[in-house]
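What the coordinates show
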Amino acid sequence: MDTLFNTSFESTPSPHTLPSVKLKAHTYELQESNVRLKLTICDTVGYGDQINKDDSFKAVVDYIDAQFENYLQEELKIKRSLVTCHDSRIHICLYFICPTGHGLKSLDLVCMKKLDSKVNIIPVIAKADTISKVELQRFKAKIIQELNTNGVHIYQFPTDDETVAETNSVMNSHIPFAVVGSTEFIKVGNKLIRARQYPWGTVQVENETHCDFVKLREMLIRTNMEDMREKTHTRHYELYRQKRLEQMGFSDVDSENKPVSFQQTFEAKRSNHLAELQSKEEEVRQMFVQRVKEKEAELKDSEKDLHLKFEKLKRDHAEEKRKLEESRKALEEDYLDFQRRKQQLATAHHTLTLGKSKKK
């Protein structure tokens, strides 16, 4: 990116030990002469670093869908500001391929297949100076063959405009572009150029005999930038918009395949929504009444149980009281009997004492 836009974005290296893929998006405002460009670069941090790579593409797809959703919500507002709002949709995906010479990885094919209906994909062979020219041509042919075999649709430069048709047609045959990037400058003659210095020689980034960097820059920035923006809006965003509106229940035709207006669809959905609300309200009301009845029955049962328990306790108390009363009476009778016997014993003793006294 630094080489492509001839600047320094001051990005920091990311670790390769992340448990999942994360997307880092940074927006920059570039200016060259009187031309200003608002550029958002989104980096897929940790992509392909996990042992299980099944969901590596999910974070990328979710991010692209999120930007589409933001644009759709802005578009559906009554007071829209599409001209002034920042369009964060992804217009181009540079998919870097390792220069192995053995073809694409399964992850590459799966990810590009998931993305080809959501974003313009340009496959790019990274570090092209690590592979010979003969191997590079075979590698390019193998990549295109595998993409076609697996039904992956990559971005093709448009050939319907006569002014750029010939150039774009030639450039389409160079895809995937084999590029080399460098932040270092060396002096060649009287000119400072971006290059990579090796013990065996120098790879000049902007030398078309060394790599395809200049071709990529021309096609990406100078020739087809507007076409990519237009294709994002007319194809990829339209597919997402159509899918989302269908999920919301909107359609261009009714059940009899007759045209239907947006207002009719809205009114029908509104009526259905109100009917559903009334139905749910009635259902909740019936549920409430049923629960009240159940609670009342439960309270009545509890009251009956309490009453039965109270009556039982009352009877038990009365029985206990009767038994205590009988015990009290029995004790009183025993006490009176004891007192009587005591009195009799005392009288008999007194009489016996008097008799002995008379004998003396």
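Bear in mind the structure is a predicted one, so any value in this text is a computation, not a measurement.

For the rest of this paragraph, the subject is the UniProt feature "domain: Septin-type G" (unreviewed entry) in the chain. The residues that UniProt annotates with the feature "domain: Septin-type G" (unreviewed entry) are residues 1-247. Between the C-alpha atoms that bound residues 1-247 there is a distance of 38 Å. The span itself is 38% helix and 20% strand.

This part covers the sheet that holds strand β8 (residues 201-204). Strand order in the open sheet formed by 3 strands is β6-β7-β8, and the pairing between neighbours is antiparallel. Each edge of the open sheet is held by one strand with a lone partner, namely β6 (185-188) and β8. Sheet twist, expressed as the average angle between the axes of neighbouring strands with direction ignored, equals 60°.

Its location among the elements puts A348 in helix α8 (residues 262-359). Note: C-alpha distance between A348 and D62 (286 residues apart in sequence) is 118 Å.

To continue, consider the layout of surface pockets. When its volume is computed, the second largest pocket comes out at roughly 510 Å³. Lining the second largest pocket are 17 residues, with L4, F5, E32, I221 and R222 sitting closest to its centre. Those elements that place two or more of their residues in the lining of the second largest pocket are α1 (2-5), β1 (22-32), β2 (35-45) and α6 (213-223). A breakdown of the residues in the lining of the second largest pocket according to their chemical character gives 7 nonpolar, 4 polar and 6 charged.

The next point concerns the UniProt feature "coiled-coil region" (unreviewed entry) in the chain. UniProt marks residues 285-348 with the feature "coiled-coil region" (unreviewed entry), using the numbering shown here. Secondary structure content for residues 285-348 is 100% helix and 0% strand, and the end C-alpha separation is 92 Å.

Let's shift gears to α6. Along α6, the residues classified as buried are F213, V214, K215, L216, R217, M219 and L220. Buried residues along α6 sit in contact with α1, β3 (93-97), β4 (121-125), α5 (162-172), β5 (177-178) and α7 (225-248).

About the cut-offs
Residues numbered from 1 in each chain as written. Predicted model: local features only at pLDDT ≥ 70, side-chain atom pairs only at ≥ 80, totals over all residues. Heavy atoms only, no water. UniProt positions renumbered as here; feature names shortened; annotations may be inferred. Helix = DSSP H or I, 4+ residues; strand = E, 2+ residues; numbered from the N terminus. Pairing = 2+ DSSP bridges. Axes fitted to C-alpha atoms, helices over the stretch in contact; angles between N-to-C directions. 1 Å grid on protein atoms, 1.4 Å probe; cavity = no way out; pocket = protein on both sides within 12 Å on 5 of 7 lines; lining within 4 Å. Points joined across faces, edges and corners; volume = space filled by probe spheres on them. Nonpolar A, V, L, I, M, F, W, Y, C, P; charged D, E, K, R; others polar. Buried < 20%, exposed > 50% of the residue type's maximum accessible area, 1.4 Å probe, protein only. Contact = heavy atoms within 4.5 Å.

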